[in-house]
Amino acid sequence: MRLTTRGRYAVTALLDLALQPPEQTITLAEIAARQTISVAYLEQLFAKLKRHGLVSSVRGANGGYHLARSAEEITVLEIIEAVNETVDATRCDHKGNCQNGAMCLTHDLWQELSLHIADYLAKISLADLVTRDNVQTVAVRQNSTHLDSALLSVTGI
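Conventions and cut-offs
Residues numbered from 1 in each chain as written. Predicted model: local features only at pLDDT ≥ 70, side-chain atom pairs only at ≥ 80, totals over all residues. Heavy atoms only, no water. Helix = DSSP H or I, 4+ residues; strand = E, 2+ residues; numbered from the N terminus. Buried < 20%, exposed > 50% of the residue type's maximum accessible area, 1.4 Å probe, protein only. Disulfide = S-S within 2.5 Å. Core = buried A, V, L, I, M, F, W, Y, C linked by side-chain atoms within 4.5 Å. Expected span 1.5 Å × (residues − 1). Arc of directions from axis to C-beta. Contact = heavy atoms within 4.5 Å. Polar contact = N/O pair within 3.5 Å; in protein donor to acceptor, adjacent residues only side chain to side chain.

Trainee: What am I meant to see in the overall build of the chain here?
Mentor: If you tally the helices and strands in the chain, you get seven helices and two strands. The linear arrangement of helices and strands in the chain, starting from the amino end, is α-α-α-β-β-α-α-α-α. Structurally, the chain occupies a C-alpha span of about 65 × 30 × 30 Å along its principal axes. A total of 157 residues make up the chain; the buried ones form 39% of that total.

What follows is the structure, encoded as structure tokens:
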């Protein structure tokens, strides 16, 4: 199994949204600044996340994004799958044709691992992540750094 940057960034971006006040819309530029992810990359991810009903957008001067459902209802597995990632540890995409069209010796091992990983990620919601101490600590640091950067750019210091 290989979780790529796309899956990691999607989870990170939605966790960032979950940490913000639910009534507030958040721009991709704000997420990009806090998480050091390019806005262009976030635009691609959010198009997929929106199609899968995980985020909603608001247009206009106060526009941005917010979670389409509560953080308790969105699982890490849903986010990963929404951006076309997989937690498949097999080399054959679960087809059993891993070795010249036939099943390899370790197919069942990797198949079972994939199921355990999917089950684990399906049990973790964004709300679960929000309550973790490390997440809270990092969020405070990121918000502080983001505010400091914004003040510096406004004041020209």
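Trainee: How do you make sense of the state of the cysteines when you look at a structure like this?
Mentor: Enumeration according to the criterion identifies zero disulfides in this entry. We note that Cys-92 lacks a disulfide partner, and the nearest cysteine sulfur, in Cys-98, lies 3.6 Å from it. Exposure remark for Cys-92: the relative accessible area of 6% places this residue in the buried category.

Trainee: What should I look at first to understand the nonpolar core in this one?
Mentor: Nonpolar side chains in soluble globular proteins tend to end up buried together. Judged by nonpolar contacts, the single largest core of 38 residues is most densely connected at Leu-14, Leu-17, Leu-42, Phe-46, Leu-49, Ile-79 and Leu-126. Looking at this core, the elements that each hand over two or more residues are helix 1 (5-18), helix 2 (28-35), helix 3 (39-51), strand 2 (64-67), helix 4 (76-82), helix 5 (107-122) and helix 6 (126-130). Examining the composition of this core, we find that seven residues originate from one element, helix 1, more than from any other.

Trainee: Would you take a moment to explain helix 5 for this structure?
Mentor: Every α-helix carries 3.6 residues per turn, so stepping three or four residues along brings you back to the same face. End to end, helix 5 covers 22 Å across 16 residues, agreeing with the expected 22 Å (1.5 Å per residue, within 8%). By the burial criterion, the buried members of helix 5 are His-107, Ser-114, Ile-117, Ala-118 and Leu-121. Down the axis, helix 5 shows its buried residues gathered within 95° of arc, on one side only. Among the exposed residues of helix 5, those oriented more than 90 degrees off its buried face are Leu-115, His-116 and Tyr-120. Buried-residue contacts for helix 5 involve helix 4.

Trainee: What exactly am I supposed to notice about the side chain of Gln-142 here?
Mentor: Locating Gln-142 in the fold gives a position in helix 7 (residues 133-155). A polar atom in the side chain of Gln-142 sits 2.9 Å from the side chain of Gln-35. Residue contacts for Gln-142: discarding those within four places in its chain leaves Arg-34 and Gln-35.

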